[in-house]
Amino acid sequence: MDLMRLWPAHWSRPQRSSAALATGALLLIIALWGLGIPLAWAPEPIGSNAQQFAEASRITMLLTLVSGGCGVVLGMLAALGKLSRLMPLRWLAGGYIWVMRGTPLLVQVLFAYFALPQLVPALNMSEFSAACVALSFNVGAYNAEAIRAGLLAVPRGQVEAARALGLNRWHTFIDISFPQAIKIALPPLVNNLVALLKDSSLAYTIGVVELTTIGNRIQAATFQATPTLVTTALIYLLLTTLLTLMSDAIERRFDVEQRLG
């Protein structure tokens, strides 16, 4: 499904992509806040637990968006650190990426909730906060590599030309390197966000009342695993589909593949 095709062909690409993005966002809001209505008509054990599924879906999306936003910031800092001229910063950024990408996300979630407060008592967090921390640091490591690749893909001649025109390092980065790097890194960044939505299901291991947790509780109480797990999977499929449609619209909006249509 391509939301771009819903809009008049004579509209410009930015207009159609912006309209498609707004449509996708509206559909996502409707899905999150109206999900309980169709589920209420489903057979047991889904119908009587429709509102629980709806509330858990909103928590899942909130967990994804908060972690995804923090992950972009962490990814940017790690990418800049890895490209820094200062060796300690390169080591710190490289070590962070190495650890986060080399260990299971499940272990990271459990570490953030159980081990981190023991090491630093001041970091005694709620289940939701601990899940956000673990997911943010995990996706941040993957975002760092995407952003670093984007920065390295910017032609060096453009940077040298900006410096020759008198721009300092800061303005060269903000006005020349960063916009092009983000445009190049955009596809993997949005793909990481979609993957993060599914990875957020691991938050059930520390008691976050998200979609997988609700599905697991209902099937444990009713012993009806098939309808419960199928419903859970379909909701995830709906949410990932809507996020994918929005990500496609974002890529078209910034003309990532240099298309004019």
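Throughout what follows, the structure given in this document is the object of discussion. Model, not experiment: these values are computed from the prediction.

## As for a nonpolar patch on the surface
- The grouping of Phe111, Leu119, Val120 and Leu123 at the surface amounts to a nonpolar patch, some 360 Å² of accessible area in total.
- With respect to the helices and strands, Leu123 occurs in the loop between helix H5 (105-119) and helix H6 (127-153).

## Regarding the side chain of Thr213
- Topologically, Thr213 is positioned in helix H9 (residues 211-222).
- Given a relative accessible area of 5%, Thr213 falls into the buried group.
- Engagement of the side chain of Thr213 in a polar contact is seen with the side chain of Glu210, the distance being 2.8 Å.
- With residues up to four places along the chain from it excluded, the contact list for Thr213 reads Tyr204 and Val208.

## What about the layout of surface pockets?
- The space that makes up the largest pocket amounts to roughly 840 Å³.
- Taken together, 16 residues line the largest pocket, and the ones lying closest to its centre are Leu83, Arg156, Val159, Arg169 and Ser177.
- Here the element with the most residues in the lining of the largest pocket is helix H8 (residues 169-199); it accounts for five residues.
- By residue class, the composition of the lining of the largest pocket is eight nonpolar, three polar and five charged.

## Description of the pattern of salt bridges
- In total, this model carries three salt bridges according to the counting rule given.
- A salt bridge links Glu145 to Lys82; the nearest nitrogen and oxygen atoms lie 3.4 Å apart. Here Lys82 lies in helix H3 (residues 50-82) and Glu145 lies in helix H6, a separation of 63 residues in the sequence.
- Note on Lys82: relative accessible area 27%, which makes it partly exposed.
- Among the ionic contacts, a cluster of salt bridges with common partners joins Lys82, Arg101, Glu145 and Arg148.

## Observations regarding the side chain of Asn143
- Its location among the elements puts Asn143 in helix H6.
- Looking at Asn143, the relative accessible area reads 2%, which means it is buried.
- Not counting the four nearest positions on each side in its chain, Asn143 is found in contact with Gly71, Val72, Gly75, Leu189 and Asn192.

Calculation rules
- Residues numbered from 1 in each chain as written.
- Predicted model: local features only at pLDDT ≥ 70, side-chain atom pairs only at ≥ 80, totals over all residues.
- Heavy atoms only, no water.
- Patch = residues over 30% accessible without salt bridge, like charges linked within 9 Å, V, L, I, M, F, W, Y side chains within 5 Å.
- Areas by Shrake-Rupley, 256 points an atom, 1.4 Å probe, with all protein chains shown as cover.
- Salt bridge = Lys/Arg side-chain N within 4 Å of Asp/Glu carboxyl O.
- Helix = DSSP H or I, 4+ residues; strand = E, 2+ residues; numbered from the N terminus.
- Buried < 20%, exposed > 50% of the residue type's maximum accessible area, 1.4 Å probe, protein only.
- Polar contact = N/O pair within 3.5 Å; in protein donor to acceptor, adjacent residues only side chain to side chain.
- Contact = heavy atoms within 4.5 Å.
- 1 Å grid on protein atoms, 1.4 Å probe; cavity = no way out; pocket = protein on both sides within 12 Å on 5 of 7 lines; lining within 4 Å.
- Points joined across faces, edges and corners; volume = space filled by probe spheres on them.
- Nonpolar A, V, L, I, M, F, W, Y, C, P; charged D, E, K, R; others polar.

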